[in-house]
Amino acid sequence: MSIFEYNGSALVAMVGKNCFAIASDRRLGVQLQTIATDFQRISKIHDKLFIGLSGLATDAQTLYQRLVFRHKLYQLREERDMKPETFASLVSAILYEKRFGPYFCQPVIAGLGDEDKPFICTMDSIGAKELAKDFVVAGTASESLYGACESMFKPDMEPEELFETISQALLSSVDRDCLSGWGGHVYVVTPIEVKERILKGRMD
């Protein structure tokens, strides 16, 4: 078993009309044994920028602490919040710094940039970015997430429809992966509000 699959995870971010959604499962396991069913994979950097970290849970928490530290330094120096594109470059640089002994994480970054244009991207454990205009996925359930998102996604969805689509894609995908699941955690972010919802899923 790969070290990336040790704790199990499912992450997906999707773009709508001047909004985006980011969702994850809630299971923390050690291989096939479930340890927790309320694990938080998605973290807020600021009101319009979120990051989800799939992969090894310990590395995800360490990396998140480093990113929060660097973002606070940026806020002190620049007196503004970081743009999503800038933050993606920061994450990429921090990961590439440790390329010979990497953080075993695959980040998914989602945010609203200039004129509330949604930005999503993912990268591998050494910071090679993959930008997308529709959706990005990561984690052990990524293969089934690709299929579900590919068939359900349509451009310019309103926030409520986007929530419905990402939730259905997540729940149907984690059912096909024994290392992720136990419900879901969804954030839908628009220029004026952030909606956080917990999904109930199959408990097996």
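Worth saying up front: this structure is predicted, and the values here are computed from it rather than measured.

Trainee: Looking at this model, I keep getting lost on the state of the cysteines. Mind explaining?
Mentor: One way to say it: the disulfide is the covalent bond shared by the sulfur atoms of two cysteines. All told, the structure shown has zero disulfides when counted by the stated rule. This cysteine, Cys 105, is not joined by any disulfide, and Cys 121 carries the nearest cysteine sulfur, 14 Å off. Judged by its relative accessible area of 0%, Cys 105 is buried.

Trainee: How should I be thinking about the nonpolar core in this particular structure?
Mentor: Across soluble globular proteins, nonpolar side chains show a tendency to be buried alongside one another. Val 12, Met 14, Leu 145, Cys 149, Ile 166, Leu 170 and Val 186 are the most contacted members of the largest nonpolar core, which totals 23 residues. Of all the elements in the fold, those that place two or more residues in this core are β1 (10–15), β2 (20–25), β10 (135–139), α3 (142–152), α4 (159–174) and β11 (184–189). Among the elements that line this core, the one with the most residues is α4, at six residues. When sequence neighbours within four positions are dropped, the list of residues in contact with Cys 149 reads Val 12, Met 14, Phe 135, Val 137 and Ala 169.

Trainee: Before we go on, may I ask you to explain the side chain of His 185 in this structure?
Mentor: Along the chain, His 185 falls in strand β11. By relative accessible area, which is 3% here, His 185 ends up buried. There is a polar contact of 2.7 Å between the side chain of His 185 and the side chain of Glu 196. When sequence neighbours within four positions are dropped, the list of residues in contact with His 185 reads Ile 22, Ala 23, Ser 24, Arg 26, Gln 40, Ile 42, Glu 196, Arg 197 and Ile 198.

Trainee: How should I be thinking about the sheet that holds β10 in this particular structure?
Mentor: Backbone hydrogen bonds hold the strands of a sheet together, and the pairing may be parallel or antiparallel. Spatially, five strands are ordered β10-β1-β2-β11-β12 in an open sheet, and the strand pairing comes out antiparallel. A strand with exactly one partner marks an edge of an open sheet, and here the two such strands are β10 and β12 (194–199). Each adjacent strand pair in this sheet contributes to an overall mean axis angle of 10°, direction not counted. As defined by bridge partners, β11 adjoins β12 across six bridges and the pair is classed as antiparallel. Paired with Tyr 187 across the two strands is Glu 196, which belongs to β12.

Trainee: Could you clarify how one ought to interpret helix α1 (residues 57–78) in this entry?
Mentor: In an α-helix there are 3.6 residues to a turn, and that puts residues three or four apart on one side. In this model, α1 (22 residues) spans 31 Å end to end at C-alpha, consistent with the 32 Å of a helix rising 1.5 Å per residue. Buried within α1 we find Ala 57, Asp 59, Ala 60, Leu 63, Leu 67, Val 68, His 71 and Tyr 74. For α1, the buried positions fall inside an angular range of 165° around the axis, keeping them on one side. Across from the buried face of α1, at angles greater than 90 degrees, the exposed residues are Gln 65, Phe 69, Lys 72, Leu 76 and Arg 77. Next to the buried residues of α1 lie β3 (28–30), β5 (42–46), β6 (49–55), α2 (84–97) and β7 (105–112).

Trainee: Just checking my understanding: could you explain the pairing of strand β4 (residues 33–36) for this structure?
Mentor: A regular strand carries its side chains on alternate faces of the sheet. Direction of pairing for β3 relative to β4: antiparallel, over a ladder of three bridges. Pairing of Leu 28 across the sheet is with Ala 36, part of β4. Following β3, the chain reverses through two residues before pairing antiparallel with β4; Gln 31 in that reversal takes a positive phi of roughly 55°.

Thresholds, definitions, all that
- Residues numbered from 1 in each chain as written.
- Predicted model: local features only at pLDDT ≥ 70, side-chain atom pairs only at ≥ 80, totals over all residues.
- Heavy atoms only, no water.
- Disulfide = S-S within 2.5 Å.
- Buried < 20%, exposed > 50% of the residue type's maximum accessible area, 1.4 Å probe, protein only.
- Core = buried A, V, L, I, M, F, W, Y, C linked by side-chain atoms within 4.5 Å.
- Helix = DSSP H or I, 4+ residues; strand = E, 2+ residues; numbered from the N terminus.
- Contact = heavy atoms within 4.5 Å.
- Polar contact = N/O pair within 3.5 Å; in protein donor to acceptor, adjacent residues only side chain to side chain.
- Pairing = 2+ DSSP bridges.
- Axes fitted to C-alpha atoms, helices over the stretch in contact; angles between N-to-C directions.
- Expected span 1.5 Å × (residues − 1).
- Arc of directions from axis to C-beta.

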